[in-house]
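So the chains spell out like this:
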Amino acid sequence: MITAIIAMESEAEILLKNATVTAEKTLLGKKTYEGEFHGKKFALVICGVGKVNAAVGAAAGITAYRPSSVLNFGVAGGLNESAKLCEIYAINKAVQFDFDLTQLNGGKIGTLDEYDSPYLPVLAKSAFPLATLATGDRFNDSTQDLALLNDELYADIRDMEGAAIAQVALSAKVPLYMYKAISDVVGGDCVQQYRDNLARALGALTAAVPQIFNEVK
């Protein structure tokens, strides 16, 4: 079974509206669905926005279903010219850019105390182009954040859940697959871009879901 951890209902509907849903329940306050899509059984947890919500949803879904793989997909922001609006990218590593122990232990921003590298691995044998994801609990146009994301962490895409899900999956020793559609890019008002392009980005994900399920083992 695949366990999908999805932040928003609009993103979850991409899968649910095209799947055979067989059960609904609640895990730790999170709406959860069971079903089948393209011959594969899945459970889908709608975790909510942000790293704590994502970690709770991932831990609950992994504990309840003991999946062969974890899947995360959704919309995200592009950080450089390599990330094209409304295109789909497979994530091959993720970092928490708002996790900072540098003054305590001298490590690089994003490096969790129990690891040596700031980057958490994600499976990415994919037909989609690969990208590095940065995750933090904020949505903004901060020039300071952009300097950190581009010049220190070399991230291509940013979101608010992915690296938290990666941390839980790594701790649980469950393979993770992650895919992002770009809803906004640097160089303009990211909030307005997100509102203007959300439907297109979700449409791109809808078209990509069959390929995504083919790639997830």
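All values reported here derive from a predicted model rather than from experimental measurement. (Residues numbered from 1 in each chain as written. Predicted model: local features only at pLDDT ≥ 70, side-chain atom pairs only at ≥ 80, totals over all residues. Heavy atoms only, no water.)

K.L.:
Hey, could you run me through the side chain of T111 in this one?
P.N.:
Among the secondary structure elements, T111 is positioned in the loop between α3 (102-105) and β7 (120-121). Judged by relative accessible area, T111 falls into the buried class, the value being 10%. In this structure the side chain of T111 is engaged in a polar contact, spanning 2.8 Å, whose partner is the backbone oxygen of K108. Apart from residues lying up to four places away in sequence, T111 is in contact with F99, L101, D116, S117 and P118. (Helix = DSSP H or I, 4+ residues; strand = E, 2+ residues; numbered from the N terminus. Buried < 20%, exposed > 50% of the residue type's maximum accessible area, 1.4 Å probe, protein only. Polar contact = N/O pair within 3.5 Å; in protein donor to acceptor, adjacent residues only side chain to side chain. Contact = heavy atoms within 4.5 Å.)

K.L.:
Looking at this structure, how should I read the pattern of salt bridges?
P.N.:
Proximity of charged atoms lets side chains of opposite charge pair with each other. Across all of its chains, the model carries six salt bridges by this definition. The salt bridge partner of K31 is E9, with a shortest N-O separation of 3.1 Å. Of this pair, K31 sits in strand β3 (residues 30-37) while E9 sits in helix α1 (residues 9-16), and the two are 22 residues apart along the sequence. K51 is paired through a salt bridge with D98; the nearest N and O atoms lie 2.7 Å apart. Residue K51 is found in helix α2 (residues 51-65), and its partner D98 is found in the loop between β6 (88-96) and α3; the two are separated by 47 residues along the sequence. (Salt bridge = Lys/Arg side-chain N within 4 Å of Asp/Glu carboxyl O.)

K.L.:
Mind showing me how you'd approach unusual backbone geometry here?
P.N.:
Leaving glycine aside, a negative phi is the common case for residues, and trans is the common case for peptide bonds. Backbone geometry at Y154 places phi at a positive 55°, although glycine is not the residue there. Following the sequence through the fold, Y154 ends up in the loop between α4 (143-152) and β9 (157-159). Here Y154 falls in the exposed class, since its relative accessible area comes to 56%. In this model, K173 sits at a positive phi of 60°, which is unusual for a non-glycine residue. With respect to the helices and strands, K173 occurs in the loop between α5 (162-172) and β10 (176-185).

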